[in-house]
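Here's the letter readout for the chains.
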Amino acid sequence: ALPNPKESYYCAYADLLMDLDAYAEAQVLLEKALQINSTSSNCHNSLGRLKTLLGEYRLAIESFMVAITADPLNTQAYKNAAIACYRLGDAEGSQSLIKEALNLDPTNIELRWLDCFLPIPAAINSRDAGLRVRERFAKKLERFSKLENRHELDVRSIGNVGPSYLLDT
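Residues numbered from 1 in each chain as written. Predicted model: local features only at pLDDT ≥ 70, side-chain atom pairs only at ≥ 80, totals over all residues. Heavy atoms only, no water.

### Remarks on the confidence of the model for the chain
A low pLDDT score tells you not to read the predicted coordinates there in detail.
Here comes step 1: When pLDDT is averaged across the chain, the result is 86; 88% of the residues are at 70 or more.
Here comes step 2: Within the chain, helix 9 (residues 164-167) has the poorest average pLDDT of any element, 46, and helix 4 (residues 57-70) the best, 97.
Here comes step 3: In the predicted structure, residues 164-169 sits below a pLDDT of 50 and forms 9 contacts with residues beyond four places in sequence or in another chain. (pLDDT = per-residue confidence, 0-100. Helix = DSSP H or I, 4+ residues; strand = E, 2+ residues; numbered from the N terminus. Contact = heavy atoms within 4.5 Å.)

The following block contains the structure:
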């Protein structure tokens, strides 16, 4: 209702609507936000989040990459892009994005947690491969358990990241 609303207002409202599963309304607000500022990293990050929620992972990654290009320090966009890559089955892409984000923010507990799980493939083809994955995971989890700020992790903030055989319990 303001005479000159900022795109950030529309993005914030769209984020709230996504939390309420009101995706169509969120889409409309994000389109308005991008009309105001088509290069807003936060708006493209929110649009990517919406596309992820809709299961449109390729479009989500495109939006997250625009967000990263607009603001290469936006670790949230790296994290979200990594999750979308993971859900597409691109473990290599997701790991690369998490590494870049960790270079920017090495103490970020959410990124550290994701770094434990993203290397685990959805399916393991052999016993040897499974043993290697388990060994890497155990080492990463052990390092995570030694972090002082590990208790700050809100698992809800990173979504259901990890192989379905671990999450379906």
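### Some details on the layout of surface pockets
Here comes step 1: Reported here for the second largest pocket is a volume of approximately 180 Å³.
Here comes step 2: Along its surface, the second largest pocket is lined by Cys11, Asp15, Asp19, Asn42, Asn45, Ser46, Arg49, Gln76 and Asn80.
Here comes step 3: Those elements that provide at least two residues to the lining of the second largest pocket are helix 1 (7-19), helix 3 (41-53) and helix 5 (75-88).
Here comes step 4: Partitioning the lining of the second largest pocket into residue classes produces 1 nonpolar, 5 polar and 3 charged. (1 Å grid on protein atoms, 1.4 Å probe; cavity = no way out; pocket = protein on both sides within 12 Å on 5 of 7 lines; lining within 4 Å. Points joined across faces, edges and corners; volume = space filled by probe spheres on them. Nonpolar A, V, L, I, M, F, W, Y, C, P; charged D, E, K, R; others polar.)

### Observations concerning helix 1
Here comes step 1: The end-to-end C-alpha distance of helix 1, which contains 13 residues, comes to 19 Å, matching closely the 18 Å that a straight helix rising 1.5 Å per residue would cover.
Here comes step 2: Looking only at helix 1, the buried set comprises Glu7, Tyr10, Cys11, Ala14, Leu17 and Met18. Projected onto a plane normal to the axis of helix 1, the buried residues spread over an arc of 120° and lie on a single side. When the buried face of helix 1 is taken as reference, the exposed residues oriented beyond 90 degrees from it are Leu16 and Asp19.
Here comes step 3: Those residues of helix 1 that are buried are in contact with helix 2 (23-36) and helix 3.
Here comes step 4: The first or second residue beyond helix 1 is Asp21, which carries a positive phi of 65°. (Expected span 1.5 Å × (residues − 1). Buried < 20%, exposed > 50% of the residue type's maximum accessible area, 1.4 Å probe, protein only. Arc of directions from axis to C-beta.)

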